[in-house]
Amino acid sequence: QVQLVESGGGLVQPGGSLRLSCAAPGSMPIINAMGWYRQAPGKERELVAVWRWGGSANYADSVKDRFTISRDNAKNTVYLQLNSLNSDDTAVYYCYVRDYKLDDYWGRGTQVTVSS
């Protein structure tokens, strides 16, 4: 059972920032992709940002220029810097990993709430 350890969610005011992190086990073999999805109440889970093996990153249009994904390969960890947050960013954020066998793994989720 692969456990992804997420941290960094919380309550923030509009315009504020948060940083999420997700660590995959060090023993996990080569990672094909690693990133974040989110799910707001009453909505489907959607891609936020994902880093893919080879160095490319993809972002949802709604977060481009506000969110930045980065990773530490040595630690099997991915980070998501969330800036200029607004109420539409309120959701549970899920860490996502796809390994070299193309098996997918999910974290338990971390709540991000943007409210004044």
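For the structure itself, consult the block above.
Residues numbered from 1 in each chain as written. Predicted model: local features only at pLDDT ≥ 70, side-chain atom pairs only at ≥ 80, totals over all residues. Heavy atoms only, no water.

For the rest of this paragraph, the subject is the environment of Ala40. Tracing the backbone through its elements, the reader meets Ala40 in the loop between β4 (31-39) and β5 (46-52). Note: C-alpha distance between Ala40 and Asp89 (49 residues apart in sequence) is 8.1 Å. Once residues lying within four places of it in the same chain are set aside, the contact partners of Ala40 are Thr90 and Ala91. (Helix = DSSP H or I, 4+ residues; strand = E, 2+ residues; numbered from the N terminus. Contact = heavy atoms within 4.5 Å.)

To continue, consider the state of the cysteines. Within the structure shown, the criterion is met by 1 disulfide. The disulfide bridge from Cys22 ends at Cys95, spanning 1.9 Å between sulfur atoms. The S-S bond linking Cys22 to Cys95 shows a torsion near -80°; that makes this disulfide left-handed. With Cys22 in strand β3 (residues 18-23) and Cys95 in strand β9 (residues 91-99), this pair connects stretches of sequence that are 73 residues apart. (Disulfide = S-S within 2.5 Å.)

So, on to the layout of surface pockets. Its boundaries defined by the atoms lining it, the largest pocket holds a volume of some 150 Å³. In terms of lining, the largest pocket is formed by Gln1, Val2, Gln3, Leu4, Tyr105, Trp106, Gly107 and Arg108. (1 Å grid on protein atoms, 1.4 Å probe; cavity = no way out; pocket = protein on both sides within 12 Å on 5 of 7 lines; lining within 4 Å. Points joined across faces, edges and corners; volume = space filled by probe spheres on them.)

A sheet is described by the order of its strands in space; here 4 strands give the open sequence β1-β3-β8-β7, paired in antiparallel fashion. The two strands at the open ends of the sheet, each matched to only one other strand, are β1 (5-7) and β7 (67-72). Across the sheet, the mean angle from the axis of one strand to that of its neighbour is 15°, orientation sign disregarded. Inspection of the sheet shows β7 paired to strand β8 (residues 77-82) by 6 bridges, in the antiparallel sense. What sits directly across from Asp72, in β8, is Thr77. (Pairing = 2+ DSSP bridges. Axes fitted to C-alpha atoms, helices over the stretch in contact; angles between N-to-C directions.)

Going through the model one piece at a time under the given rule, you end up with 4 aromatic pairs. Ring centres 5.1 Å apart and planes at 75° place the aromatic pair Tyr37 and Trp106 in the edge-to-face group. Here Trp106 lies in strand β10 (residues 104-106) and Tyr37 lies in strand β4, a separation of 69 residues in the sequence. Judged by relative accessible area, which is 36%, Trp106 ranks as partly exposed. Between the aromatic rings of Trp51 and Trp53, the centroid separation amounts to 6.1 Å while the plane-to-plane angle is 75°, which identifies the pairing as edge-to-face. Every member of this aromatic cluster is reached through a ring pair, and the members are Tyr37, Tyr96 and Trp106. A cation over an aromatic ring shows up here: Arg45 above the ring of Trp106, its NZ or CZ 4.7 Å from the ring centre. (Phe/Tyr/Trp six-rings, centres within 6.5 Å; stacked < 30°, edge-to-face > 60°. Buried < 20%, exposed > 50% of the residue type's maximum accessible area, 1.4 Å probe, protein only. Lys NZ or Arg CZ within 6 Å of the ring centre and 35° of its normal.)

No statement about biological role is implied by the geometric values presented.
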